[in-house]
Structure formats: structure tokens, C-alpha cells
Amino acid sequence: MNSFVNMASIADFEPLAAAIPATKVEITVSCRNLLDRDTFSKSDPKVIDNTLNPDFVTKFILDYFFEERQNLRFDLRLERPLTGIPGKNCGTIIIKAEELGNCRESVLMQFCGNKLDKKDFFGKSDPFLVFYRSNEDGTFTICHKTEVVKNTLDPVWQAFKIPVRALCNGDYDREIKIEVYDWDRDGGHDYIGEFSTSYRELSKGQSQFSVYEVLNPRKKKKKKKYQNSGTVSLRFMSSHVTNPLFLLLFFFSRTQINFTVAIDFTASNGNPSQPTSLHYLSPYQQNAYSMALRAVGEIIQDYDSDKMFPALGFGAKLPPDGRVSHEFALNGNPDNPYCSGIEGVMEAYYQSLKSVRLYGPTYFSPVINHVARYASLVKDGSEYFILLIISDGVISDMAQTKESIVNASALPMSIIIVGVGPAEFDEMIELDGDEIRISSRGRFAERDIVQFVPFRDYIDRRGNHILSMARLAKDVLAEIPDQFLQYMRTRGIKPQCPPQSYSSKLPAAPLQTQI
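Per chain, the residues get numbers from 1 upward, laid out in the order the sequence is written. Owing to the predicted nature of the model, reporting of local features is limited to residues with pLDDT of at least 70; listing and counting of side-chain atom pairs is limited to 80 or more, with chain, interface and lining totals taken over all residues. To obtain the side-chain values, all non-hydrogen atoms of the structure were included, while hydrogens and water were left out.

## A closer look at the environment of F160
Part 1 of the reasoning: Note on conventions: DSSP H or I runs of at least 4 residues are helices, E runs of at least 2 residues are strands, and numbering of each starts at the N terminus. By the secondary structure assignment, F160 is in strand 8 (residues 160-163).
Part 2 of the reasoning: As for F160 and Q110, which are separated by 50 residues in sequence, their C-alpha atoms are 6.5 Å apart.

## Observations regarding the packing of helix 5 (residues 288-300) against helix 6 (residues 341-355)
Geometry of a packed helix pair, given as the angle between the helix axes and the separation of the axes.
Part 1 of the reasoning: Note on geometry: axes are C-alpha line fits, over the in-contact stretch for helices, and angles between N-to-C directions span 0 to 180 degrees. Following both chains from N to C, one finds helix 5 and helix 6 inclined at 160 degrees, their axes separated by 10 Å at the closest point. By the angle between their directions, the pair helix 5 and helix 6 is classed as roughly antiparallel. Where helix 5 crosses over helix 6, the two elements pack in a sense that is right-handed. On the side of helix 5, the interface is formed by Y289, S290, L293, R294, G297 and E298, while helix 6 contributes I342, E343, V345, M346, Y349 and Y350. To sort the angles, those under 35 degrees are grouped as roughly parallel, those over 145 as roughly antiparallel, those from 65 to 115 as roughly perpendicular, and the leftovers as oblique. Handedness of a helix crossing follows the sense of rotation of the near helix relative to the far helix, less than a right angle counterclockwise being left-handed and clockwise being right-handed. Note on contacts: a residue pair is in contact if any heavy atoms of the two residues lie within 4.5 Å.

## Focus on the pattern of salt bridges
Part 1 of the reasoning: Any Lys or Arg side-chain nitrogen located within 4 Å of an Asp or Glu carboxyl oxygen qualifies as a salt bridge. All told, the structure shown has nine salt bridges when counted by the stated rule.
Part 2 of the reasoning: Across the salt bridge formed by D173 and R200, the nearest N and O atoms sit 2.7 Å from each other. Pair noted here: D173 is in the loop between helix 1 (164-168) and strand 9 (175-183) and R200 is in helix 2 (residues 199-202), with a separation of 27 residues, a long-range link.

## Regarding the sheet that holds strand 6 (residues 127-134)
Part 1 of the reasoning: DSSP-based pairing: two strands are paired if at least 2 bridges between them are found. The strand order 7-6-9-10 describes an open sheet built from four strands, whose pairing is antiparallel. Looking at which strands have only one partner, the edges of the open sheet turn out to be strand 7 (140-145) and strand 10 (189-198). Looking at each pair of strands side by side, their axes are set apart by 30 degrees on average, direction ignored.
Part 2 of the reasoning: The pairing of strand 6 with strand 7 spans five bridges and is classified as antiparallel. Each bridged residue has a counterpart across the sheet, and for F131 the counterpart in strand 7 is H144.

## Quick look at unusual backbone geometry
Part 1 of the reasoning: Look at the link from P319 to P320: it is a cis peptide, with omega at 5 degrees.
Part 2 of the reasoning: For P320, the location among the structural elements is in the loop between strand 15 (316-318) and strand 16 (323-325).
Part 3 of the reasoning: Note that the residue after G360, namely P361, is joined by a cis bond; omega there is -5 degrees.
Part 4 of the reasoning: In this fold, P361 is placed in the loop between strand 19 (357-358) and helix 7 (365-375).
Part 5 of the reasoning: A positive phi angle, close to 55 degrees, is found at K115, a residue other than glycine.
Part 6 of the reasoning: The topology assignment puts K115 in the loop between strand 5 (105-114) and strand 6.
Part 7 of the reasoning: Accessible area is worked out with a 1.4 Å probe on protein chains only. A residue is then buried under 20% of its type maximum, exposed over 50%, and partly exposed in between. You can call K115 exposed: its relative accessible area is 63%.
Part 8 of the reasoning: Not every positive phi belongs to a glycine, and F425 is a case in point at roughly 60 degrees.
Part 9 of the reasoning: As for its position among the elements, F425 is in the loop between strand 21 (413-419) and helix 9 (426-432).

Next up, the structure:
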């Protein structure tokens, strides 16, 4: 008998990639020559005070999906006139787009200034910094502004965290321009000077390379003895990788990912022989269960060497005596519930619909406890367990389910829940734990291990199920890397050689839970 899904190295596989390749595009908006609508000052476009030429810091990051064989280069600078008042030139809006790299690193930085030019006649400067990322076409895009530090020539700005992708799009040698301004109490600002650097140069840390001369080109041209307008120094810098691809591969290449499927067979799904049923097997299209199972399963199966998956059902009456089970093998073999690949899981699901009777109630805890029994036997990081539950509605054993999840949060385990049908899914949203950490009997979950998504949010009304299911798979798997790495880090687990077969460790507990 096989172990709970043996896992091979995936060094040549990109984790969490959807079935259809996708890239992110960052949209930057700026305006030029806006119509001045203020009588005594400049216009205040959206949230930028007193300027007719705003560069908005807020970015719009979009997923751009493309065909697998498409070769694209995405460069765009769209400039359009603004209209609104007849006969008036209202200005121009500029929209830029650039394909973003896959860099998942973020950096925490803090800067300070020294002897920055005095701009106020009766006081000191009120300086702030503006960061710009250079673009492929030679232009610059604003990516960050610091706060204003009042009345000082030697400011210390607050530390800030920014994605490396925003600073340089993952290109460590791309130019980063930093401009220094003196804030005007009337809402404007005066130019002090600027300097340029790169992420690679910044990453050298506190050294001679971390002190930058602030230069004002106009002053440098006019004054022969001009040296600089002060200096800006990098006080400290700390990088952090979010969902780090290299670390993920480092762990996963030595860790078996055990994937289990659990499908809701309760009567609330409707009679499978009727087109209104969520389990209806139409000759023309897949039902919601099939689509969700295939979308997630086809991504997960790429992590597995033999592609043998345990597939369970719950909430049905089983032949021959009609006993209700909340933990039965879809292939009908309680001693060996493994199916060959996602196609094998699909076939077992279809056959189960023909042999069992939908009943109830909806219990989640038995299938969670089933996987948790296996996960509890692994303490060295050699295996990680992922349970996919697909269900249509109200959870009947909510208290027991919460307790099971709290217990499982201390184990190498994650749970994905896909809700199908028109229900509100309030209980499933609560289990997700994004807003409030789930608790049971006064104990809180050690970490968030549940990701819930409603299937209906991914239905493409135009019938393009390929792209919509790719988005579903992406979203349900989005939290797995952080959950995986959090478990490993909190236990100080470091990568190790692949373990031997796990079959000798299988618990003796029976597969089926019946009432």
C-alpha cells in the first residue's frame, strides 16, 4: 500500500503557477498641465496638494493572462487629454504599464540627512524624499515618498518597507533616483537636489557607499565652488523574501507534499440525476465539483512523483446496508483509498455518485482528523499535508471542526475549502481565520491553516472556464507557501535528505467514520 502521496523533487517546477501562465502588470498614473480650479492656490488632484502635474504613488497591479505559446513584449505609455469643461484645456493624463518581474523580495530601509540646504529664511528646512524607479524607456516612475521632517537640516526619516519589485522591478542594477525637497508651509515644495543609486549598491549596507551627495544641477552650473546641497545616508537596510521561490524550492525538493481530496455527498447538493443538482453529470459540461477539483488538483499533482491521491467522501449512505459515513473512500476500497492522478480521482468521484446515496449531515471534522492522524506522525519536516474540501453549505459540526483545525494548526498541514452553490458560507468564512484567528475552548489556532474561496466568484459568464479555473487555483493555493514556511520556521526545521517510504508509519485507525 502506498504512503499518503509520495513527493519527488520539484526543482524544475514553478510553484503556484496557474495552468495558464500569468504575469503581473503595474499601472502608473500621472497627470500634466491640469486645469487650475482653485482660486488662491493650485488644484489638489485626488490626494496630492497644490500641483498641476501630479505623479500618483498608488499603483494598480493587475494579473495579465496569456496563451502558453504567446511571445509578448509589453510596453505602454498612454497619454490622453482630459475633458470636462468646454473650451478649456483641462490637462493630460499619462498611464504607463510595465511587465513586473517575479521578484518577491521586500526591503526595510531608513535614511537620514546631513546639512541639507537651508530653504527657509527664518528657519530650517522641512525635508522629505521622493523615490523614482527608472523605466525601460529611460523615463522615471515615482514609487515612494517619505514623510516630512519639520525644521531641521539633519532629518531622520521613519523606516519604510517597500517591495523590491516597486523599486527596480527585480533588476538590482537598474537606476533608482531619489530627489530631496523642502516642504513649503503653503502646501508646495522646493527642490533641494537629488542623487542616484541602485538596489545592488544599497544592499551593500552601511559602508562608504551608503553616503550620497545631494546635488542640485542648477547650483552646480552657476557656482564654481559648489560641492553639494548636503548628504543623505542609508542608516540601515534589511531585506525579506515574501513567499520566497528559492526557499520554497529548497524546502519542497526535500519534502513530500501529501494531497488529499474530500467531497461533500450530502443531500443538500440535490439529486445527482437532476440538472439542478450541484453533482449533476452533464454530457456537455463539468459540474462545479469537477471543475474545482480539476483546477486545484492539476496544480498540486505536479508536486507528486507517483501521483497517487487519497480521495474521500462524506455525508452519504453507503451500500450495501445504507450506513451513513463521513469518511469513505471514493474508490470503494477503505484499505487503499488512493487514486491514480486527478483523472483517477475524477473517475472515482463519478462512480461514487452512481453507488452511494446522498444524505447528511455535513461534518468536516472526520476528514480533517483523518489527515491530521497522518500529519501528527511527521515531526521532522519530511512531509507536509494539504487537504482540499469541496462542499456546498452549512457545516453541522462547527464546534468539532474548529477544535480539529486548532489541533491541526500545530501539525504540518494546510486546509483548502472551496464552497460551491448559492449558500452564504458564513461558517467557512469564519474558518478561514483571516480576520479573527479561529479558537476552540479557549485555545487559539497556532497559525492560520485554512484558505476558503467561494466557487461562484470564479464562474466566467462568457464560458471561458480555462482562465477562470486558473484564477481559482491561484487563489486557493496562494496562502500555502507562507503556511508551509511558517510551520518550518517556527520549529527550526532545516532541509534534509528525502525520507524513506512512509508506508511503515501508517496508523492503524480505520478509514471510515460511520453513524
